[in-house]
Structure formats: C-alpha cells, structure tokens
Amino acid sequence: GVADILIFNDDRMQRLDAYQREKTSACSTVKASCTSGHKIFSIVLNSQRDKYDWADINSRECLTSITSSLENEERQKLLMSGECFSTAGMPVNIAMKRLSAEIVLRSLSCDFKGKAYEGQKLSDIKVYLTNVNTEAGIFAESPVIPTRLVNTGRLEPNDLATFKEPEMIMQEIHDPVGVEKVRPDIRLICYPNEAEAEVPGCPFTRLVIEGNLCGHTYYWPLDINRSSGGKGISRNCRYIFDITITRTGQTDPDIPVK
C-alpha cells in the first residue's frame, strides 16, 4: 500500500514539521526525515487521497478534520491509521488500525421444527447491512457517531451503485438453505456506529438476512453488538454471526428481530 507520513511538533501548536509518501507493506520499516525534538508521528495507509491533497495540512488539528468515504474503500487496500508520540531519531513502532469494521456471517441454517412450514427452505437469500455509516474521520476515536448513512432502513440499489465494491455491504447466497448448516463466510465492511441510542436520523446499523419462504419475502434484521451491554460497531473490530432461523421473519427490513 501507500503510506502518508505526517510528523508534527509535539507542542501547543502541533505544527507540521515534515511530510512524505512511501510505498510500504505490512510490518515494514520506513525511514522518515524531520527536525529534532519531540514529535507526533501520524501515518495513514491507503488514504484515498492524492499526494498533493495533503498540501493544506499544516497542523495536527487539521488532520483530525479529514474524513474517509466507505464507498471508496477496497477490500484489499482498506484505510488504516496510527499515531505515536516520540523523539526524533528514536525508532518507533506504530500499530496501524483499520478505520472500518468487519461483519461476518459465518454460518446460516433454518430449523422450522414444529411449524406448519417444517422442512421448507429459505431461497433467494440476500445478506446486507442497513443504516450504514459511510463517513468517518481517518483518526476517529470512540464514540463514533454516524454522519452520513446509506441503505437507510432497507437495501437501496442506488446506494449500492455508488460503491467501488458493492459486495462490501451486500452479498447473496445462491443455494436454498434448510436444516443443514451452510458456511457462506460472508464478510461485510462498514464504518463505526457507536451511537448510544436510536434517534431520528441516527439508527443502529443492522445485519439483514432477506429471503423467500413459502412464496413470501421475509427479513431478519439484527442489531449489531447491541445486546448484553454492547456499544455498537467500533473501528478495527470483527463481529461474527452464526445464525439459525426458527420462524418467519419481519415484513419490514427495519424492525429488528431478537
């Protein structure tokens, strides 16, 4: 990937001291030049920005105002950022963290035992995220509150069309699913949503299973990391679901099931 390295003076003004761009790989060593003294080393990997887009960054405060767009993310080049405080001339280790989170549907099965539709399979299955936060500061710290949402309340094809990789927020399971557990290993990507409570304009992000059962379309929307004290979706985290569907779902994709 491409690393943008910004070095700021560690004082009250936190002015930019040096900037450079380097091609790099995971766990690689990069040499950067700056003046002497106490410094803040800020690194952004796969920034979605051109080298010359950094020209207006003259202080650490300016850096905190830069945001990233989920629509421009690429699975093999996800944006990462990291910082540390040190002294010029000393080797530093910076832990790089993804801005995004990963939502994994590891397994899915349908067990309708005892129901009138026992033995039926779920078909035409879509797996997607709704109320997806698509903008966040590249050095965002918890709690991250959504600022721009897509798939608000339902799957919106027009929103999907704005993504470089639409499969980051929607994928399909092509074969019907019954009692036998399938492992689709679907991995969806989104930005953090740590809003404390659902309010108009700021809903929780949900994982939605959509499918056809007995000729009807049903939805099984699941709030992500909101039970047992969960605070929602945080950056650089993975949330794994193993789901067994035991009854018909909702007719509205925005009403969560338990």
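On a predicted model such as this, the values are computed, not experimentally measured, just so you know.

**What to know about the overall build of the protein chain**
When you go through the protein chain residue by residue, the secondary structure sums to two helices and 16 strands. Taking the principal axes of the C-alpha coordinates as reference, the protein chain spans close to 75 × 35 × 35 Å. When the 258 residues of the protein chain are sorted by exposure, 46% land in the buried category. When contacts within the protein chain are restricted to residue pairs at least 6 apart in sequence, those whose partners lie at least 24 apart make up 71%. Carbon and sulfur atoms form 47% of the exposed surface of the protein chain, whose accessible area is close to 13,700 Å².

**With respect to the layout of surface pockets**
The probe, sized like a water molecule, is rolled over the atoms to show the empty space still left. In this structure, the largest pocket encloses a volume near 960 Å³. In terms of lining, the largest pocket is formed by 31 residues, of which the most central are Ser28, Thr29, Val30, Ile43 and Ile94. Listing elements by their share of the lining of the largest pocket, those giving two or more residues are β1 (2-9) and β3 (38-45). It is β3 that contributes the most residues to the lining of the largest pocket, three residues altogether. When the residues that make up the lining of the largest pocket are grouped by side-chain class, the tally is 18 nonpolar, nine polar and four charged. Approximately 210 Å³ is the volume attributed to the second largest pocket. Around the second largest pocket sit 14 residues that line it, and Asn46, Ser47, Gln48, Glu74 and Lys77 are the ones nearest its centre.

**What about the sheet that holds strand β8 (residues 123-130)?**
Pairing is antiparallel across the open sheet formed by four strands, whose spatial order is β12-β8-β14-β15. The open sheet terminates on both sides in strands that have one partner only, identified here as β12 (170-173) and β15 (216-223). Geometrically, the sheet is characterised by an average inter-axis angle of 20° between neighbouring strands, direction not taken into account. As paired strands, β8 and β12 are joined by four bridges and run antiparallel to one another. Bridge pairing in β12 links tyrosine 128 to methionine 170.

**Here we look at the sheet that holds strand β2 (residues 16-23)**
Taken in spatial order, the five strands make up an open sheet running β2-β1-β3-β5-β6, and their pairing is antiparallel. At either margin of the open sheet sits one strand with a lone partner, and together these are β2 and β6 (97-98). As paired strands, β3 and strand β5 (residues 80-87) are joined by eight bridges and run antiparallel to one another. In the strand pairing of β5, lysine 39 is matched with serine 86.

**With respect to the pairing of β1**
Counting buried positions along β1 gives six out of eight residues, so the element sits mostly inside the fold. Sheet topology places β1 next to β2; seven bridges connect them, and they run antiparallel. Each bridged residue has a counterpart across the sheet, and for isoleucine 7 the counterpart in β2 is alanine 18. Count of turn residues in the β1/β2 antiparallel hairpin: six residues, of which glutamine 14 carries a positive phi of about 50°.

So, how was this worked out
- Residues numbered from 1 in each chain as written.
- Predicted model: local features only at pLDDT ≥ 70, side-chain atom pairs only at ≥ 80, totals over all residues.
- Heavy atoms only, no water.
- Helix = DSSP H or I, 4+ residues; strand = E, 2+ residues; numbered from the N terminus.
- Buried < 20%, exposed > 50% of the residue type's maximum accessible area, 1.4 Å probe, protein only.
- Contact = heavy atoms within 4.5 Å.
- Areas by Shrake-Rupley, 256 points an atom, 1.4 Å probe, with all protein chains shown as cover.
- 1 Å grid on protein atoms, 1.4 Å probe; cavity = no way out; pocket = protein on both sides within 12 Å on 5 of 7 lines; lining within 4 Å.
- Points joined across faces, edges and corners; volume = space filled by probe spheres on them.
- Nonpolar A, V, L, I, M, F, W, Y, C, P; charged D, E, K, R; others polar.
- Pairing = 2+ DSSP bridges.
- Axes fitted to C-alpha atoms, helices over the stretch in contact; angles between N-to-C directions.

In short, geometric facts, not functional conclusions.
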